[in-house]
Amino acid sequence: MAKAFEKEYRKPFPVRWIIVIVGFLLVLLLAGLGIWYLHHTNEYRVELTLLGDAEMTLEYGQDYQEPGASAYGYGTLLKKEPSPRPVTISGQVNPNKLGTYTLQYQASFEDAQGTVQRTVQVVDREAPVITLKEDPEHFTFPGHPYQEEGFEAADNYDGDLTDRMLHPSFQVDKTYLARVTGSVSMEEVRTLRSGVLL
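These figures come from a predicted structure and were not determined experimentally.

Draft legend 1. Inspection of the overall build of the protein chain at higher detail. A tally of regular secondary structure across the protein chain gives four helices and ten strands. Burial status across the protein chain gives 16% buried among its 198 residues. Taking all contacts inside the protein chain whose residues are at least 6 apart in sequence as the whole, residues at least 24 apart take part in 51%. For the protein chain, the exposed surface amounts to about 16,400 Å²; the carbon and sulfur share of it is 57%.

What follows is the structure, given as structure tokens:
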């Protein structure tokens with residue numbers, strides 16, 4: 001009886017179980033290799049696009065309206081469906097100071113980063129506005145000197161330019177339109193062309 005039990009106990013392990021275990025280990029190995037391959041060959045990317053122009057010009061004093069940017073993240077093998085990503089903006093535009101400003105836009109997806117830039121130039125291209133002062137009751141009588149009614153000059157960047165225009169120290173050339181009645185001699189024309197001291 002003891003010999004029979006010892007004989008039965010020493011029976012070889014069934015071959016089919018060896019095949020099952022080896023097959024299971026091979027499946028685990030292949031699955032691990034597949035996961036490793038996917039993670040090491042997959043590439044995450046960020047597609048970051050500026051809304052509006054990459055180079056903008058802003059008139060001095062004009063409010064800056066940020067056009068923004070859009071970003072999507074996706075993978076070449078994993079997570080292939082594009083996913084919207086938040087965009088952070090660094091930098092600031094001061095519309096009340098002339099100069100060139102650079103804004104940087106950033107977005108991320110998994111281990112991928114996306115960066116684009118926008119340049120905003122604040123300029124002063126608006127011409128000054130000159131307003132003539134007019135008094136309907138103002139007349140110049142014959143034989144009396146002409147009295148200038150005056151004007152006002154203003155600029156969106158330089159402010160009030162009236163004093164600069166009037167004061168001789170700024171040496172600003174001025175052109176006047178004179179309307180006369182009657183005939184004008186050539187001598188008087190030459191005098192006017194040479195300049196009149198007002």
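Draft legend 2. The sheet that holds strand E3 (residues 69–75), seen in detail. Read from one edge to the other, the open sheet built from three strands follows the order E1-E3-E4, with strand pairing classed as antiparallel. Each edge of the sheet is formed by a strand with only one pairing partner; in this case those strands are strand E1 (44–50) and strand E4 (83–84). Strand direction decides the pairing type here: E3 and E4, joined by two bridges, are antiparallel. In the strand pairing of E4, Gly73 is matched with Ser83.

Draft legend 3. Inspection of the side chain of Asp155 at higher detail. Examined against the element boundaries, Asp155 turns out to sit in strand E9 (residues 151–155). Contact partners of Asp155, with chain neighbours within four places excluded, come to Asp124, Glu126, Ala127, Pro128 and Leu161.

Draft legend 4. Inspection of the pattern of salt bridges at higher detail. Within this structure, the stated rule accounts for three salt bridges. Its salt-bridge partner being Arg125, residue Glu59 comes within 4.0 Å of it at the nearest N-O pair. Note that Glu59 is positioned in strand E2 (residues 55–59) and Arg125 in the loop between strand E7 (112–123) and strand E8 (129–132), a separation of 66 residues in sequence. Arg125 gets classed as exposed once you look at its relative accessible area, which sits at 63%.

Draft legend 5. Quick look at the nonpolar core. Within the largest apolar cluster, 17 residues are counted, with the highest numbers of intra-cluster contacts made by Leu58, Tyr64, Val93, Leu103, Tyr105, Val120 and Val122. When contributions to this core are tallied by element, the ones reaching two or more residues are E1, strand E6 (99–109) and E7. In terms of residue count, E6 provides more of this core than any other element does, five residues in total.

What counts and what doesn't
- Residues numbered from 1 in each chain as written.
- Predicted model: local features only at pLDDT ≥ 70, side-chain atom pairs only at ≥ 80, totals over all residues.
- Heavy atoms only, no water.
- Helix = DSSP H or I, 4+ residues; strand = E, 2+ residues; numbered from the N terminus.
- Buried < 20%, exposed > 50% of the residue type's maximum accessible area, 1.4 Å probe, protein only.
- Contact = heavy atoms within 4.5 Å.
- Areas by Shrake-Rupley, 256 points an atom, 1.4 Å probe, with all protein chains shown as cover.
- Pairing = 2+ DSSP bridges.
- Salt bridge = Lys/Arg side-chain N within 4 Å of Asp/Glu carboxyl O.
- Core = buried A, V, L, I, M, F, W, Y, C linked by side-chain atoms within 4.5 Å.

Worth remembering: the numbers are spatial, not functional.
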